[in-house]
Protein chains: 2
Amino acid sequence: MSLMATTQQVKRRATNQGAAVKEALAAEDTFRSAQDVYATLRANGEKIGLSTVYRHLQIFVDDGLADVIHKPDGESTYRLCGDASTTHHHHLVCRSCGKAVEIEGPAVETWADKVAAQNGFTDVNHTVEIFGLCAACAA
Amino acid sequence: MSLMATTQQVKRRATNQGAAVKEALAAEDTFRSAQDVYATLRANGEKIGLSTVYRHLQIFVDDGLADVIHKPDGESTYRLCGDASTTHHHHLVCRSCGKAVEIEGPAVETWADKVAAQNGFTDVNHTVEIFGLCAACAA
DNA sequence: GTGTTATCGGGAATCGTTCCCATTATGCCA
DNA sequence: TGGCATAATGGGAACGATTCCCGATAACAC
């Protein structure tokens, strides 16, 4: 994103399901799919529907509480990332286990904006994700 | 990609359909979805099935003739990019019309590899796509 | 030509995600 | 504290992109 970084939170109701989803995400520092989170919650005996999981994940993203990564296979994965005030950053993600490390690359940001401007592009944003095998999974 | 840059082409049969798909892609310098290409071909009276379009697009990717971009909405889009020997590059893509400009950022490549190495990640690759509105679409 | 076999294509199947809507539960106010 | 307005829920249907299956078709070699 580049414009509208407001992230204005709308009033929302506190529900068990919402808390459960957040908790599930908070439990791991990996990017997890909606289906995955749903399965985990159900396995824990949580009473929640798939729609609700999707709903909350999207809300977290809208509120700037979570980041999304679209895996090459098309699946969307989510991960809580600090709070809404955290600066823009990217991720180094393990292809195998999903574990992610937040990284920053100021140079990339400016480079992206410059290149876009040179080509007459406006309203620019970019995606930069680095995939690899973490030390643990390499074994 | 970082390893396996071999791009070994298997012997393939020359078919009208394969040629048609390549032609359709070659006609525009924009990233286009399989559905889009299929619709265009059918509109042109081409006799081809959707499966075949997907098949050839995937073949182009495997042979290193085309690049893929997974749009945020999950749709995959394809574009012919020089030939297999072309160097690794990224794209500046118009969110609206799909028009793409090939860009290079040597600094980004080295930065990505360095960051990954520092965190113990191996077998690294990365995706860098810049989205924006091209001058034409901004109007 | 003829035969072998890669390729085609249409429809069924899959998969992630969104939509719909009657039911439930939260938060506010009296 | 009780009751109400309405946000949130969830299960199943709907959807769109992609893949799979497999009998029919067409390339290429001899």
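From a predicted model like this one, the values you see are computed outputs, not experimental measurements.

Chemist: Outline the confidence of the model for chain A, listing residues and values.
Modeler: On average, residues of chain A score 89 in pLDDT, and 89% of them reach the 70 mark or higher. Below pLDDT 50 for its whole length, residues 1-7 of chain A participates in 9 contacts with residues either more than four positions away or in separate chains.

Chemist: Any chance you could break down the pattern of salt bridges for me, citing the residues and the numbers?
Modeler: All names here are of chain A. Counted according to the given criterion, the structure contains 13 salt bridges over all chains. A salt bridge links D63 to R12; the nearest nitrogen and oxygen atoms lie 2.7 Å apart. Placement of D63 in the loop between helix 3 (50-62) and strand 2 (66-70) and of R12 in the segment before helix 1 (16-26) is noted, with a sequence separation of 51 residues between them. For R12, a relative accessible area of 42% corresponds to the partly exposed category.

Chemist: An account of the sheet that holds strand 5 (residues 100-103) of chain B is needed here, citing residue identities and associated values.
Modeler: Pairing between sheet strands relies on hydrogen bonds along the backbone, with the strands arranged either parallel or antiparallel. Pairing in this open sheet of 6 strands is mixed, and the strands run 5(A)-4(A)-6(A)-6(B)-4(B)-5(B) from one edge to the other. With one partner strand each, in any of the chains shown, strand 5 (100-103) of chain A together with strand 5 of chain B form the two edges of the open sheet. Recorded for the sheet is a direction-independent mean angle of 20 degrees between the axes of neighbouring strands. Pairing between strand 4 (residues 90-94) of chain A and strand 5 of chain A: 4 bridges, direction antiparallel. From the neighbouring strand, A:H90 faces strand 5 of chain A, where its bridge partner is A:I103. Relative to the sheet, helix 4 (residues 106-118) of chain A contacts strand 4 and strand 6 (122-133) of chain A together with strand 4 (90-94), strand 5 and strand 6 (122-133) of chain B, its axis offset from that of strand 6 of chain A by approximately 135 degrees.

Chemist: Residues and numbers for helix 4 (residues 106-118) of chain B, please.
Modeler: Residues three or four positions apart in an α-helix share a direction because the helix packs 3.6 residues into each turn. Counted at 1.5 Å a residue, the expected span for helix 4 of chain B with its 13 residues is 18 Å, and the 19 Å between its end C-alpha atoms agrees. All of the buried residues in helix 4 of chain B are B:V108, B:E109, B:W111, B:A112, B:V115 and B:A116. Where the residues of helix 4 of chain B are buried, they touch strand 4, strand 5, helix 4 and strand 6 of chain A together with strand 4 and strand 6 of chain B. Backbone geometry just downstream of helix 4 of chain B places B:G120 in the positive-phi region, at approximately 75 degrees.

The rules behind the values
Residues numbered from 1 in each chain as written. Chains lettered and ligands numbered in written order. Predicted model: local features only at pLDDT ≥ 70, side-chain atom pairs only at ≥ 80, totals over all residues. Heavy atoms only, no water. pLDDT = per-residue confidence, 0-100. Contact = heavy atoms within 4.5 Å. Salt bridge = Lys/Arg side-chain N within 4 Å of Asp/Glu carboxyl O. Helix = DSSP H or I, 4+ residues; strand = E, 2+ residues; numbered from the N terminus. Buried < 20%, exposed > 50% of the residue type's maximum accessible area, 1.4 Å probe, protein only. Pairing = 2+ DSSP bridges. Axes fitted to C-alpha atoms, helices over the stretch in contact; angles between N-to-C directions. Expected span 1.5 Å × (residues − 1).

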